[in-house]
Structure formats: C-alpha cells, structure tokens
Amino acid sequence: MGIIDPADEVQLPRVHEGMDAVCFSCGHCEAFCPSGALTFTDMGSKAHESVISKGAISPENLGLFLKSRRSIRTYKPIEVPHATIESILDIVRYAPSGGNSQLVEWLVIHDPRVVREIAEQTIDWEREVAKSSLPMASMASAMVAAWDKGNDVICRGAPHIILALMDEDKVMSMGDVIMGDPIIALTYFEIAAQAFGIGTCWAGVLLIASQNRSSILEYLNLPEGRRIVNAMLFGYPQYAPQFIPRRNPPHVTWR
Ligand SMILES: Cc1cc2nc3c(=O)[nH]c(=O)nc-3n(C[C@H](O)[C@H](O)[C@H](O)COP(=O)(O)O)c2cc1C
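This section reports on the structure supplied with the text. Just so it is clear, the structure is predicted and the values come from calculations on it, not from any experiment.

Parameters and conventions
- Residues numbered from 1 in each chain as written.
- Predicted model: local features only at pLDDT ≥ 70, side-chain atom pairs only at ≥ 80, totals over all residues.
- Heavy atoms only, no water.
- Axes fitted to C-alpha atoms, helices over the stretch in contact; angles between N-to-C directions.
- Helix = DSSP H or I, 4+ residues; strand = E, 2+ residues; numbered from the N terminus.
- Parallel < 35°, antiparallel > 145°, perpendicular 65-115°, else oblique.
- Contact = heavy atoms within 4.5 Å.
- Nonpolar A, V, L, I, M, F, W, Y, C, P; charged D, E, K, R; others polar.
- Salt bridge = Lys/Arg side-chain N within 4 Å of Asp/Glu carboxyl O.
- Buried < 20%, exposed > 50% of the residue type's maximum accessible area, 1.4 Å probe, protein only.

**Focus: the packing of helix α2 (residues 59-68) against helix α7 (residues 181-195)**
Here is step 1: Across the interface, α2 lies against α7 with an axial gap of 10 Å and an inter-helix angle of 105 degrees. The angle between α2 and α7 falls in the class roughly perpendicular. Packed against α2, whose contacting residues are F65, L66 and S68, the element α7 presents I191, Q194 and A195 at the interface.
Here is step 2: When the residues that make up the contact of α2 with α7 are grouped by side-chain class, the tally is four nonpolar, two polar and no charged.

This is how it looks when you write it as structure tokens:
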C-alpha cells in the first residue's frame, strides 16, 4: 500500500499522515525489516516465529510431497484428535487472502454420525435430481445406484468434514477479491493434513447439495450470517498410494 516511505541518508522510514488508515495488517513491515525496527503492535505481543532456513526443503522433496497427495476415498474408522485438527488449522490461517481479509471460518463436523447423516441428506437430494431434467440427472442416478449398493459416494466413509464458511455481509463488502480464499485455505488444509498423515478429499457433491437443499443447512445450523463456501472430507487413509499417477504436461503459452 506504499504506507511507509523508505529510509534514505538523512531520514528514518516514516508513515505519511493518514496513511495508517489504509494499512491492512499484512505485517510485511515487520517481516521484511532486516534490523527488526518495526513491531506491529495490533497483532499482540506474541514472539515471532522464525522463517524456515533457505534450502531446508529441497524443490525435489517439496515436489514429491505435493505430487504424492491423492484424493482419499477410503478411510480408517479412527477419529482425528481435535488437537491435530487445531494444529492443521494453525498452519492454514497463514494462507493468503484477498486484502489480508482472513475471512474464512471453519465448521468442523467431527462426529462421524453427523457426517453420515449429511451424506444421507445429500443422497436424498440426489434422488430428486436424478428424476429431474437437470444436466446432472444421469450423474445423480449413478450416485444413487452406487449408494443403494452400500457405497458412500458422497462422504466416502470419511469420519470428518471441514466446511469453509464466510460471513455473508463481509463477502458482499469485499467482492470478488476474496472469492478464491476458501479454495486457497482448503488447499493449504489438504497439504498440511498430509504432513500429519491425514488424507482429504474435496466434497464437491456435498457442497452443491448444501447450496441447493435447505434442509441440509437447517440440519447444520450454521453460525449466524454464515454461508458454506467449500467443503472437504478428511480422516486417516485406509490405503497408501504406491506411485504418483501420470498427469498431463502443463499447457503454457509464453509471450
Ligand atoms: C473442486 C473439487 C471438487 C471435488 N469433488 C469431489 C467429490 O465430490 N467426490 C470425490 O470423490 N472427489 C472429488 N474431487 C476430487 C477429484 O476427483 C480429484 O482431485 C481428481 O480426480 C484428481 O485426483 P487426485 O486429487 O488424487 O490427484 C473434487 C476435486 C475438486 C478440486
């Protein structure tokens, strides 16, 4: 935001009159100052964490870690402890957000029975879609058929769901700049979860159902003024991938 004028031979860095009003608390002033001259007092007095040392994670290792992530569709019937979920979310809060707004909130469905109930309500909605003339009807029929054979194609038997929520009014006031924030935050979630041995799967079907069937929202009893903006299943994976599946080469246009 150009709030701080840099130092020169004769003067210290300074903030122009009134410019503090446009500060969005990104903390870069303190993070990048080589001599630690600035302390951003609005964020409390907790000591800073040091940044990771250069080269601590090689590009090869990071690449392998990211490429090894898979959508997990079979889970062990074991619950992830609250403390582990909190540790993951402690990392996730560092995900970038439009204007450093940090507006993504979380609803963790920890009780596997509630997860199952949500899957059942979603499949009820799929049954209606299957009978409709909507473009999703044939996909919905296939899902219903699989469900009726005992295959949980909605929540994949995951013990937990994490729902990204946002405050409706704040979303309206920030506009498009924050629309990607929940996706970025959940992407952080799935990457961080992997480091704790936890598998994840985006819950696209559940997300669409929750946005179209009011009974699911009533059942979830969201905090006041919040709406679901994305959803992810998680738990301990039953199986581990042995290889990294092949993917298309990147489609890049250079100028
Ligand atoms: C936005 C989004 C929604 C998704 N929704 C579902 C879903 O509802 N059910 C499911 O089993 N997988 C879902 N997936 C997982 C994709 O199918 C998966 O990412 C893709 O097949 C690639 O596999 P990988 O994640 O193991 O690399 C979703 C993925 C994304 C990004």
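Having seen it, we continue.
**Side note on the pattern of salt bridges**
Here is step 1: Tallied over the full model, the rule gives nine salt bridges.
Here is step 2: Put simply, E190 and R69 hold a salt bridge, and the shortest N to O gap is 3.7 Å. Separated by 121 residues along the polypeptide, E190 in helix α7 and R69 in the loop between α2 and α3 (82-92) bring together distant segments of the chain.
Here is step 3: The buried category is assigned to E190, whose relative accessible area is 7%.
Here is step 4: Residue class for R69 comes out partly exposed when judged on its relative accessible area of 22%.
Here is step 5: Here R227 and E168 are joined by a salt bridge, their closest N and O atoms 3.1 Å apart. Here R227, found in strand β6 (residues 226-235), pairs with E168, found in helix α6 (residues 168-174); they are 59 residues apart in sequence, far enough to count as distant.
Here is step 6: For R227, a relative accessible area of 29% gives the class partly exposed.

Structural measurements only, silent on function.
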